Amino acid sequence: MNDDVRNIVLGLIAAGVSAGLGWLARTYLWKRKLRRKQAFFGLPDNSESLLVVNREAGGPELTVMRHDVFALLELAALIKDCNANAQVIAHDTAQQGFGERTEFCVGGPASNRRMAAHLASLLPGVRVNVNAEPGPDRGAFQIGSERYRLESGKSEYVLLARLTAGQRRDARPVFLFCGQRAITNQAATRYLARNHERLARKHGDNTFVLLLKVVNSQAYGPDVVELVADVTRTSQAPLPKTEAPRASHRAS
């Protein structure tokens, strides 16, 4: 074997080794990223999760509003990326505890009985006005001493929460998407899909509750979302019975 042939063979071997090492490095990074995502969502390989949705008013069948369907699609993609499975159930048939399976609960307490139960037991510092009568406080959030009013199509709020029971290290989380309108539920799921890596770095496997504002949904749909505040502590502290809101927030 002359020098030229030997150099060619050595070059091919070096290229093969480099390609193999590169593939191993990419595979390692991809698997590490997947494991972090699975840990954040509580969705190991082949695990089961629940998508809890409200019924659209007007009938006994499981008829979901259009924007809530879009929210479910956003969540279904996240679940599939984690190599997990999902079961869609109506809010009034989810008669079970939490912690066994990851749960994604979509919809406000006025139309989602499961959401109302989660707010009452896990977020006692949050109160949602579910009065159907027209008025400035219809659909408003009260979080601690602050009140956040709905201005339909202009300024709308939604709570995005990751909650854990805190009793077992292996307990699966509950994700809440509690919006003032269906389009805000979709906005919160999209926000989670786009920012879950940053949220995982910041919060890890811990509980967090974020208040988001959907800006001008009549023009921009669910795409323009602002983080108003991290309200984790406030939302977990019970509201005094005589608590009056200190300020109301409306679009300027």
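Residues numbered from 1 in each chain as written. Predicted model: local features only at pLDDT ≥ 70, side-chain atom pairs only at ≥ 80, totals over all residues. Heavy atoms only, no water.

(A) Up close: unusual backbone geometry. You will see that Asn-83, though not glycine, has its phi angle at about 60 degrees, which is positive. Note on placement: Asn-83 falls in the loop between α2 (66-81) and β2 (85-90). In this structure Asn-83 comes out as partly exposed when scored by relative accessible area, which is 38%. For Asn-216, which is not glycine, the phi dihedral falls at a positive 50 degrees. (Helix = DSSP H or I, 4+ residues; strand = E, 2+ residues; numbered from the N terminus. Buried < 20%, exposed > 50% of the residue type's maximum accessible area, 1.4 Å probe, protein only.)

(B) Expanded view of a positive patch on the surface. Side chains of Arg-32, Arg-36, Arg-198, Arg-201 and Lys-202 sit close together on the surface and give a patch of like positive charge. Sorting the residues of the positive patch by element identifies α1 (3-41) and α4 (182-203) as the ones contributing at least two each. Per-element tally for the positive patch: the top contributor is α4, with 3 residues. Mapped onto the fold, Arg-36 is located in helix α1. (Patch = residues over 30% accessible without salt bridge, like charges linked within 9 Å, V, L, I, M, F, W, Y side chains within 5 Å. Areas by Shrake-Rupley, 256 points an atom, 1.4 Å probe, with all protein chains shown as cover. Salt bridge = Lys/Arg side-chain N within 4 Å of Asp/Glu carboxyl O. Lys, Arg positive; Asp, Glu negative; His and termini not counted. Charge placed at Lys NZ, Arg CZ, Asp CG, Glu CD.)

(C) Local environment of the confidence of the model for the chain. Mean pLDDT for the chain: 83, with 79% of residues reaching 70 or above. When the elements of the chain are averaged for pLDDT, strand β11 (residues 247-249) gives the smallest value, 60, and strand β9 (residues 208-215) the largest, 96. (pLDDT = per-residue confidence, 0-100.)

(D) Here's a closer look at α2. Look at α2: 23 Å from first C-alpha to last across 16 residues, which is about the 22 Å you get at 1.5 Å a residue. Of the residues making up α2, those classed as buried are His-67, Asp-68, Ala-71, Leu-72, Glu-74, Leu-75, Leu-78 and Ile-79. Buried residues in α2, looked at end-on, bunch into an arc of 155 degrees, giving them a common side. For α2, the exposed residues set more than 90 degrees away from the buried face come down to Arg-66, Leu-73 and Lys-80. (Expected span 1.5 Å × (residues − 1). Arc of directions from axis to C-beta.)

(E) Geometry of helix α3 (residues 113-122). Among the residues of α3, Arg-114, Met-115, His-118, Leu-119 and Leu-122 are the ones counted as buried. For α3, the angular spread of buried residues about the axis comes to 135 degrees, placing them on one side. In α3, the exposed residues that point more than 90 degrees away from the buried face are Arg-113 and Ala-120. Those residues of α3 that are buried lie in contact with β1 (48-53), β3 (102-106), β4 (126-128), β7 (155-163), β8 (174-179) and α6 (232-236). (Contact = heavy atoms within 4.5 Å.)

(F) Main features of the sheet that holds β1. Reading across the sheet, the 7 strands line up as β2-β1-β3-β8-β7-β9-β10 and stay open at both edges, with mixed pairing between neighbours. The open sheet is flanked by β2 and β10 (225-230), the only strands paired with a single partner. With strand direction ignored, the average angle separating the axes of adjacent strands in the sheet is 20 degrees. Bridge count for β9 against β10 is 5 bridges, and the pairing is antiparallel. Across the sheet, Leu-210 pairs through a bridge with Asp-230, a residue of β10. Taken strand by strand, α2 contacts β1, β2, β3 and β8, and its axis lies near 160 degrees from that of β3. This element, α3, spans β1, β3, β7 and β8 of the sheet and lies at about 110 degrees to β8. (Pairing = 2+ DSSP bridges. Axes fitted to C-alpha atoms, helices over the stretch in contact; angles between N-to-C directions.)

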